[in-house]
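Close look at the chain arrangement
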Amino acid sequence: MTIELDSRDRAILRILQADGRITNSDLAEKVHLSPSACLRRVRQLEESGLIRGYAMILDDKIAGFPGTAFVFVTLDQQGRASLEGFEQAVQNLPEILECHLLAGAHDYLMRVIYRDSADFERIHTDIITQLPGVTRVQSTLTLRSIKKSSALPV
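Residues numbered from 1 in each chain as written. Predicted model: local features only at pLDDT ≥ 70, side-chain atom pairs only at ≥ 80, totals over all residues. Heavy atoms only, no water.

**Points about the overall build of the chain**
- Summing up its helical and strand segments, the chain has five helices and four strands in all.
- Overall, the chain shows an N-to-C arrangement of helices and strands of α-α-α-β-α-β-β-α-β.
- For 154 residues, the compact-globule estimate of 2.2 N^0.38 gives 15 Å, and the chain exceeds it by more than 25% at 20 Å.
- Based on the C-alpha atoms only, the size of the chain along its principal axes is roughly 55 × 40 × 25 Å.
- When burial is assessed residue by residue, the chain has 31% of its 154 residues classed as buried.
- Within the chain, contacts between residues separated by at least 24 positions form 61% of all contacts whose residues are at least 6 apart in sequence.
- Side-chain charges in the chain split into 18 positive and 20 negative, and the spacing between the mean points of these groups amounts to 7 Å. (Helix = DSSP H or I, 4+ residues; strand = E, 2+ residues; numbered from the N terminus. Rg over C-alpha atoms; globule rule 2.2 N^0.38 Å. Buried < 20%, exposed > 50% of the residue type's maximum accessible area, 1.4 Å probe, protein only. Contact = heavy atoms within 4.5 Å. Lys, Arg positive; Asp, Glu negative; His and termini not counted. Charge placed at Lys NZ, Arg CZ, Asp CG, Glu CD.)

**What to know about the UniProt feature "domain: HTH asnC-type" (unreviewed entry) in the chain**
- Taken from the UniProt record, the annotation "domain: HTH asnC-type" (unreviewed entry) applies to residues 5-66.
- Between the first and last C-alpha atoms of residues 5-66 the distance is 38 Å; the span itself is 52% helix and 0% strand. (UniProt positions renumbered as here; feature names shortened; annotations may be inferred.)

**Section: the side chain of threonine 74**
- In this fold, threonine 74 is placed in strand 1 (residues 67-75).
- Overall, threonine 74 belongs to the buried group, its relative accessible area being 16%.
- Among the polar contacts made by the side chain of threonine 74, one reaches the side chain of histidine 106 at a distance of 3.4 Å.
- Those residues in contact with threonine 74, other than ones at most four positions away along the chain, are Ala105, His106, Asp107, Gly133, Val134, Thr135 and Arg136. (Polar contact = N/O pair within 3.5 Å; in protein donor to acceptor, adjacent residues only side chain to side chain.)

**Observations concerning the nonpolar core**
- Formed by 19 residues in total, the largest nonpolar core has its most connected members in Val71, Val73, Leu75, Phe86, Met110, Val112 and Ile128.
- Contributing elements (two or more residues each) for this core: strand 1, helix 4 (80-90), strand 3 (108-114) and helix 5 (117-127).
- The contact partners of methionine 110, leaving out residues within four places of it in the chain, are Ala69, Phe70, Val71, Val73, Phe86, Val90, Ile96, Glu98, Cys99 and Ile128.
- Counting residues in each nonpolar core, the second largest holds 16 residues, with Leu16, Leu33, Ala37 and Val42 among its members. (Core = buried A, V, L, I, M, F, W, Y, C linked by side-chain atoms within 4.5 Å.)

**Points about unusual backbone geometry**
- Even without being a glycine, histidine 32 presents a positive backbone phi close to 60°.
- Structurally, histidine 32 can be placed in the loop between helix 2 (24-30) and helix 3 (35-47).
- Residue classification places histidine 32 among the exposed residues on the basis of a relative accessible area of 63%.

**Quick word on the pairing of strand 2 (residues 96-101)**
- Inspection of the sheet shows strand 2 paired to strand 3 by five bridges, in the antiparallel sense. Directly across from glutamate 98, in strand 3, lies its bridge partner arginine 111.
- With antiparallel pairing between neighbouring strands as the criterion, strand 2 and strand 3 make up a hairpin whose turn holds six residues, including glycine 104 at a positive phi of roughly 140°. (Pairing = 2+ DSSP bridges.)

**Focus: the packing of aromatic side chains**
- This structure, assessed with the given rule, holds two aromatic pairs.
- Summarising the aromatic geometry, the rings of tyrosine 114 and phenylalanine 120 are spaced 5.0 Å apart at their centres and angled 50° between planes, so their arrangement reads as tilted. Residue tyrosine 114 shares its accessibility class with phenylalanine 120, and that shared class is buried. (Phe/Tyr/Trp six-rings, centres within 6.5 Å; stacked < 30°, edge-to-face > 60°.)

**Let's talk about the environment of leucine 109**
- Within the secondary structure layout, leucine 109 lies in strand 3.
- Separated by 38 residues in the primary sequence, leucine 109 and valine 71 have C-alpha atoms spaced 5.6 Å apart.
- Among residues more than four places away in sequence, those in contact with leucine 109 are Phe70, Val71, Phe72, Glu98, Cys99, His100 and Leu102.

Put into structure tokens, the structure is as follows:
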């Protein structure tokens, strides 16, 4: 489902993506609306589901997780039950920040954070390879992040 957005909605979204803590009055001023009209638009964007929530972004390294790995996972089966079992098991693993179902040579791609090489080995051996149906794991470790954003180009 796609939502029709006008230029003010897009401006609101760009500003909120950059600063989710901005006050409604400051937001209204920046998009040239009254505070009540601005709040009404924000509420509509929230109710539509386009705005799913607001979050704080932590610095990985300062939080003690200097390592990021992208991990390809292949399962032994691709039936619905197998996929659902794997996906359910991934949900409560805090080291796995993202998990995507793929079309192609691998079944899933995960973004994993870790503290050091011993921690990554633990995550690989004790967590990822023990997930339901996993037959193959291929990891790529990042050297440095060049661009990292959650902002959509609205």
